Amino acid sequence: MPKKAQPSVPSGPASAPAPATSTAPALSRRRLLGAASAAGATGLALGGTTGALAHAATSDAPPTALSSVGTGRVAFRGTHQCGITTPLQAHGRLVAFDLAPTAGRAEAAALLRRWSDAAERLMDAVGTDSPADGPASGIALDAGPCSLTVTFGFGRSLFARTGLTDRMPDALRPLPRFTADALDPDRSDGDLWVQIGADDPLVTLHALRVLRAEAGEAARPRWEMAGFNRTPGATARPMTPRNLMGQVDGTNNPRPADDDFADRIFVPRGGEPDWMAGGSYAVVRRIRMLLDDWDGTPLQEQEQVIGRRKSDGAPLSGGPDASEDTAVDLEARDSSGRPAIAADAHVRVAAPETNGGAAMLRRPFSYHDGLREDGAPDAGLLFVAWQADPLTGFVPVQRKLDSGDALSRFLRHEASGLFAVPGGPATGEYVGQRLLEG
Ligand SMILES: C=CC1=C(C)c2cc3[nH]c(cc4nc(cc5[nH]c(cc1n2)c(C)c5CCC(=O)O)C(CCC(=O)O)=C4C)c(C)c3C=C
Ligand SMILES: [Fe+2]
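Residues numbered from 1 in each chain as written. Chains lettered and ligands numbered in written order. Predicted model: local features only at pLDDT ≥ 70, side-chain atom pairs only at ≥ 80, totals over all residues. Heavy atoms only, no water.

The protein is annotated in an unreviewed UniProt entry as Deferrochelatase of Streptomyces hazeniae. The UniProt entry for the protein carries this comment under Subcellular location (unreviewed entry): "Cell envelope". Word for word, the UniProt comment on the protein under Function (unreviewed entry) is "Involved in the recovery of exogenous heme iron. Extracts iron from heme while preserving the protoporphyrin ring intact." (UniProt positions renumbered as here; feature names shortened; annotations may be inferred.)

Student: Can you walk me through the environment of T179 in this structure?
Tutor: Position of T179 relative to the elements: it lies in the loop between helix 5 (156–161) and strand 3 (192–198). Residue class for T179 comes out exposed when judged on its relative accessible area of 72%. When the C-alpha positions of T179 and D402 are compared, they lie 6.6 Å apart, and in sequence the two are 223 residues distant. (Helix = DSSP H or I, 4+ residues; strand = E, 2+ residues; numbered from the N terminus. Buried < 20%, exposed > 50% of the residue type's maximum accessible area, 1.4 Å probe, protein only.)

Student: I keep staring at helix 9 (residues 299–306) and nothing clicks. Help me out?
Tutor: Residues lying three or four places apart along an α-helix face the same way, a consequence of the helix completing one turn every 3.6 residues. Burial in helix 9 covers these residues: Q302, E303, V305 and I306. For helix 9, the angular spread of the buried residues around the axis is 155°, confining them to a single face. Against helix 8 (291–295) and helix 10 (346–350) lie the buried residues of helix 9. Downstream of helix 9 by one or two residues, G307 has phi in the positive range, about 100°. (Arc of directions from axis to C-beta. Contact = heavy atoms within 4.5 Å.)

Student: Explanation requested: the nonpolar core in the structure shown.
Tutor: The nonpolar side chains of soluble globular proteins are, as a tendency, buried together. In terms of nonpolar packing, the biggest core is built from 83 residues, with W115 and F152 touching the most fellow members. Among the elements that take part in this core, helix 4 (residues 105–125) stands out by supplying 9 residues, more than any other. Residues in contact with W115, not counting those within four places in the same chain, are F97, F152, L192, V194, L211, E214 and A215. By size, the runner-up hydrophobic cluster in this structure holds 20 residues, among which are M225, A282, L382 and V421. (Core = buried A, V, L, I, M, F, W, Y, C linked by side-chain atoms within 4.5 Å.)

In structure tokens, the structure reads:
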């Protein structure tokens with residue numbers, strides 16, 4: 001039986017008018033399906049018409065360009081690096097590199113200069129990045145920058161490798177071991193860390209391939225993880241993203257408009273060490289979710305575990321009329337006099353109010369890497385938390401979660417990294433120059 005063609009492009013309404021400049025061949029749906037299944041059966045290449053066929057498979061009308069997604073462009077230079085307060089993109093790649101055994105400070109400096117040049121070029125015009133220009137794969141030739149961001153960080157091990165231990169920030173001291181940690185050293189830490197985000201998977205992969213090529217002999221990848229979030233524009237009512245447990249995740253994040261946002265997330269000018277001014281510390285955790293157990297847990301219990309409704313993220317302390325934006329009331333009681341938000345609910349245990357004000361900016365990607373040997377999904381959260389100092393952000397909160405969080409029985413922390421992410425480069429500078437040449 002021929003395989004049914006899957007709609008591949010959730011483009012605009014089926015009745016959208018054809019753009020005046022469209023050159024897509026006018027194929028009827030029936031002809032299209034016939035052509036597609038014939039190609040599948042005989043292995044014929046569809047050549048230059050493949051894109052038009054894939055689009056046309058969803059309707060008789062030519063596709064409507066989601067042009068605002070492709071043209072999204074983020075600045076590489078500024079006080080802070082991109083990819084921290086940038087709205088979450090749909091695709092992410094987190095990669096750690098180790099310097100080659102023969103490489104030292106000079107090689108690290110040259111690499112960060114090459115990487116910064118490449119990142120700036122890609123973020124400006126990834127779609128025009130021609131294979132003739134250098135180590136480009138060509139896979140994103142027809143894509144816009146798609147809000148591409150490339151963020152660079154330094155792991156603790158880099159400082160010994162480059163003879164710079166006297167300039168290592170105190171904040172980079174190793175994270176404590178938490179009782180629930182089952183960390184894989186091969187997927188943890190690293191001399192250098194790169195976070196790539198974009199609203200198109202080919203764009204993130206292209207950026208990664210360019211950066212790998214630029215690394216040359218100076219550094220080799222140590223680990224790589226890929227994640228995703230909701231597609232931008234997929235809903236007319238954009239809201240806080242959901243994670244793979246189905247929860248609205250990110251509601252009570254610090255917001256750039258908050259008075260204390262910069263103090264909580266960024267190292268101040270005049271802070272220690274001086275080369276980290278405008279920088280931040282990224283805690284990266286690969287946290288596997290026991291999704292089969294979670295999916296088998298009744299909805300009411302799931303909501304008690306978090307302290308928020310699953311449908312809309314409203315706090316359980318807010319009553320039936322509450323919405324996601326309703327403030328959490330940790331004192332509230334339900335009709336039987338019990339705390340509306342349980343003593344071990346995730347939002348209670350993690351809240352700044354119960355952690356001496358400790359806060360961080362959570363900017364995660366979900367991941368799903370197929371099935372494990374035991375048949376369970378290898379899926380969860382690439383948790384990335386940003387803060388001015390992990391000792392007043394991630395560490396106290398994770399200590400509390402480690403011992404008293406109802407969510408923790410559904411989670412496994414499998415990999416971890418802590419990286420110093422310097423401030424954004426000024427004109428003519430590369431990321432980290434103030435450390436590597438200071
Ligand atoms: C150490 C810090 C945290 C880890 C690790 C962590 C893991 C984790 N969290 C969720 C889902 C949710 N978390 C939510 C809120 C929330 N989580 C943390 C910290 C960590 N989470 C904080 C500081 C907060 C905010 C608390 C508050 O002030 O109210 C929520 C609720 C919605 C929201 O505010 O974002 C959800 C849902 C998962 C699935 C997870 C590990 C995989
Ligand atoms: Fe959380």
